[in-house]
Amino acid sequence: MAAMSVIGIDFGNESCYVAVARAGGIETIANDYSLRATPSCVAFSPRNRIIGVAAKNQMVTNMKNTVYGFKRLLGRSIDDPFVKQELKHLQFGVVKCDNNKIGINVNYLNEQQTFSVEQITGMLLTKLKEISELSLKTKVNDCVISVPSYFTNAERKALLDSASIAGLNVLRLFNETSATALSYGIYKQDLPNPEEKPRNVVFVDCGYTSLQVFICAFNKGKLKMLASTFDSQLGGREFDYILAEHFSKDFKSRYNIDPRTNARAFLRLLTEVEKIKKQMSANSTKLPMNIECFMDDKDVHADIKRSEFEELAMHLFNRVETTLEQCLKDSKLSKDDIYSVEIVGGSSRIPYIKNLIEKIFGKTPSTTLNQDEAVARGCALQCAMLSPAVRVRDFSVTDIQSFPIELLWDPADNSDEGRAEVFPKNHAVPFSKMLSFYRLAPFTVKAHYSGPIPYADSYIGQFTVRDVKPTADGASQKVKVKARINLHGIFSISSATLLEKAELLEETPPSEPMEPNENEPQPTEPEEKKEEKKKSVTKTIDLRIESLTHGYSTMDLNNYIEQEGKMVASDRQEKERIDVRNSLEEYIYDMRSRVSSEEDLASYIVDADKQKIVQQLEELETWLYEEGEECIKNIYSEKLDLLKMVGEPIKRRKVEYTTFPSIKDQAVQLISKAERDIDAFHKGSEQFNHLDSAEVDKLAETLNNAKSWLEEKTAKVIASPLYKDIPIKLDEFVREKHSIEESINKVLYKPKPAPPKVEPPPPKEEEKKEPEPMETEQPVENGKDA
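Quick caveat, the model's predicted, so the values are computed rather than measured.

Rules of the game
- Residues numbered from 1 in each chain as written.
- Predicted model: local features only at pLDDT ≥ 70, side-chain atom pairs only at ≥ 80, totals over all residues.
- Heavy atoms only, no water.
- Helix = DSSP H or I, 4+ residues; strand = E, 2+ residues; numbered from the N terminus.
- Rg over C-alpha atoms; globule rule 2.2 N^0.38 Å.
- Contact = heavy atoms within 4.5 Å.
- Areas by Shrake-Rupley, 256 points an atom, 1.4 Å probe, with all protein chains shown as cover.
- Lys, Arg positive; Asp, Glu negative; His and termini not counted.
- Charge placed at Lys NZ, Arg CZ, Asp CG, Glu CD.
- Salt bridge = Lys/Arg side-chain N within 4 Å of Asp/Glu carboxyl O.
- Buried < 20%, exposed > 50% of the residue type's maximum accessible area, 1.4 Å probe, protein only.
- Pairing = 2+ DSSP bridges.
- Axes fitted to C-alpha atoms, helices over the stretch in contact; angles between N-to-C directions.
- Parallel < 35°, antiparallel > 145°, perpendicular 65-115°, else oblique.
- Left-handed = near helix turned anticlockwise from the far one by under 90°.
- Polar contact = N/O pair within 3.5 Å; in protein donor to acceptor, adjacent residues only side chain to side chain.

Peer 1: Can you walk me through the overall build of the protein in this structure?
Peer 2: Looking only at helices and strands, one finds 16 helices and 31 strands in the protein. Against the 2.2 N^0.38 benchmark of 28 Å for 786 residues, the protein shows a C-alpha radius of gyration of 43 Å, more extended than a compact globule. Expressed along its principal axes, the backbone C-alpha trace of the protein runs to roughly 130 × 125 × 95 Å. A sequence separation of at least 24 residues applies to 68% of the contacts in the protein between residues at least 6 apart. Of the roughly 42,600 Å² that the protein leaves accessible, carbon and sulfur atoms contribute 49%. The centroid of the 106 positive side-chain charges in the protein is displaced by 5 Å from the centroid of its 124 negative side-chain charges.

Printed below as a string of structure tokens:
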């Protein structure tokens, strides 16, 4: 069962996918709506949280309390210009929290509550975990979660915090680029050998909100990322907004309505333009769009051709072209070095983008990979490799660092520049580097990104090395600092060691004296001096490091974990309450329809009782939709139990009356067959000649008594009105039938006794004959006896 818990999560801006590594391969898990994609939506209501498909379905009616698009807010501050731009597309309210963090304001349990972006992400991950556990029928702990290659330290740490809130142990935050490449390469049987020239494959991933282009070198059993470029604000969403803007202007001029002024109408328009965008990828003719009761009770109609769309989006296509060219340039490869180009992500299917890919790389784009599930499958494969629970083909993945990282410190002297770029762009990760410092006292190292990043703040963190002190003679001490980018792609100063030189006195033992004679007195001599030598050694002393980086404190994180646990329990209670309420509602409808039907339960109830029951059901239904709408689970359970005390006896009465004829007929048939066989016995049938006559006569008497009992009871049942309980319980009939069957089998159908075995008599002693000697042929030579 442990192998079942190895999952990979593709955490997308619009939707998520979960894949699992099984013995038979990789499988994508379906959610509670039997869909593979779970929308990245979390909604809040007066009684519970709604997550995934259900949250997306009610978005239009509960816009202010439905949170979506929060992946792009992870790890960012509310003052970030990127966040301000992003919030224009989102309908929920945000507030400023401590340390400039983003708080999402919603109405939950009939009061305004504020949740962090990490908490909202944790709620979604909790839902994905529940979906996995329900599908796999086992606990899920270990996972690998995908992140865009351009995610910074702050965003990656925020996602790890969210996973902690959901109770997930993240073995690795895996770049979407690497996950896609792994799911492509691990199944290829014809890759070049390690010593041969690698196969270079380009991947273009244009998703809902971003474009990522990357080039990988493949050999048997390994892949190496060569270059990765991106445009973090160019995806399918941007094309949708261009189309929505175009139709909004059109509707304003022709229908005098502006969807941009109405959030619900604009959301409906976005849904429709996404459909027409997909249709345009396969059709170059004019395509219609019709929306009924769009705004102000007006039906709207419009149409558009692919060529018009391409003109509107030309500035976006230019950005795509720039990103593609930059990736080829960074890889230092020529078009001839490229083996193939694979496309994933929905927007990569746009014909103009496919033409750009062919123009720049000189290859027709291939669609070998599943455009939606490739990342989740790659994450599941990586999780299987990192987990000891599953055996999987070994495949080495060498990833790269997207942004250069620089360290700053206060110089010790004029020869010290006080800065160093420790990890340049496209440097292999995970990786560690050792830096040497000569210091008299504790010192601080600050880390930041030195190149342009899609983040307002290039700051990573500061790391203070404690417990540094000068040598005994006041000189500087050598401190070795380890800078590391780990499996998650997160930078840190992981350790610091003081190298302290010390001189040890090495004692040389004196030469051994002769053993003295115990009988002779010993002269007292001064103690012999030992020879001493000085030896220089280096001691290593681990130093404390105080880190100040993005992310929540342990106390805050524990509070969030506790809060999530309470909300999960509350959701479970609400689900149980709704289930019992639905059971009560279902029972009311079922009983009302059956009590009113003469072909069903109506015949089994007295008319006066029928009226009472119908009235009781109507009153209960009214109560359920008025004052009983929001009752606790126990009240619904009590009402259901009371209703069943009335309804179940009627249902049971019908079952008994309708089942009785069948059981009676079976008993009668048993008796009739037995009587025929008894008659055959008396006529000397060979089949029954082994039976005992007394036993057969006794059985005949038993059958007569049983027949009389059946006739008597049947008469009572027939005479009884259906609205009264059956005079003889079914159990009695069933017991009588079994008793008859047992008696018949015991007497009539017992097997014939086997005939005795006849042993042949042993041969007498005198009859035993000696064996005759065998005749042998004598050889003959030249016609004479030899």
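Once the structure has been displayed, the description carries forward.
Peer 1: Explain the pattern of salt bridges here, please?
Peer 2: Any two side chains of opposite charge can pair, so long as their charged atoms come close to each other. This structure, assessed with the given rule, holds 48 salt bridges. Between Arg22 and Glu27 there is a salt bridge; the shortest N-O distance is 2.9 Å. The exposure class of Arg22 is partly exposed, given its relative accessible area of 26%. Look at Glu27 and you get partly exposed, because its relative accessible area is 36%. A salt bridge links Lys654 to Asp600, with the shortest nitrogen-to-oxygen separation between them at 2.9 Å. Of this pair, Lys654 sits in helix H14 (residues 633-682) while Asp600 sits in the loop between helix H12 (554-595) and helix H13 (607-625), placing them 54 residues apart in sequence. Given the relative accessible area of 15%, Asp600 is considered buried.

Peer 1: Sorry if this is basic, but what is going on with the sheet that holds strand E21 (residues 419-423) here?
Peer 2: Either a parallel or an antiparallel arrangement is found when strands of a sheet pair, and the pairing is made through backbone hydrogen bonds. Strand order in the open sheet formed by five strands is E21-E20-E24-E25-E29, and the pairing between neighbours is antiparallel. Of all the strands in the sheet, just E21 and strand E29 (545-549) have a single pairing partner and so form its edges. Each strand axis lies, on average, 25 degrees off the axis of its neighbour in the sheet, ignoring direction. Sheet analysis places strand E20 (residues 405-409) next to E21, joined by four bridges and oriented antiparallel. Residue Glu406 lies in a different strand from E21, and its bridge partner there is Glu421.

Peer 1: I'm lost on the packing of H14 against helix H16 (residues 730-747) in this one. Help?
Peer 2: Angle between the axes and distance between the axes: these two values describe a pair of packed helices. The N-to-C vectors of H14 and H16 enclose an angle of 15 degrees; their axes lie 10 Å apart at closest approach. When the interaxial angle is binned, H14 and H16 end up roughly parallel. Relative to H16, H14 is oriented so that their crossing is left-handed. Between H14, through Val655, Glu656, Thr659, Phe660, Ile663, Gln666, Ala667, Leu670, Ile671 and Ala674, and H16, the contact on the second element is made entirely by Leu730, Phe733, Val734, Lys737, Ile740, Glu741 and Ile744.

Peer 1: I'm lost on the side chain of Asn65 in this one. Help?
Peer 2: Assignment of secondary structure puts Asn65 in the loop between helix H1 (53-57) and strand E7 (66-68). For Asn65, a relative accessible area of 15% translates into the label buried. Here the side chain of Asn65 touches Asn107 through a polar contact of 2.8 Å, landing on its backbone nitrogen. With residues near it in sequence (within four places) discarded, Asn65 still touches Val42, Ala43, Phe44, Val106 and Asn107.

Peer 1: Looking at this model, I keep getting lost on the side chain of Lys737. Mind explaining?
Peer 2: Looking at the element boundaries, Lys737 is found in helix H16. In contact with Lys737, other than residues within four places in its own chain, are Ile663, Gln666, Ala667 and Leu670.

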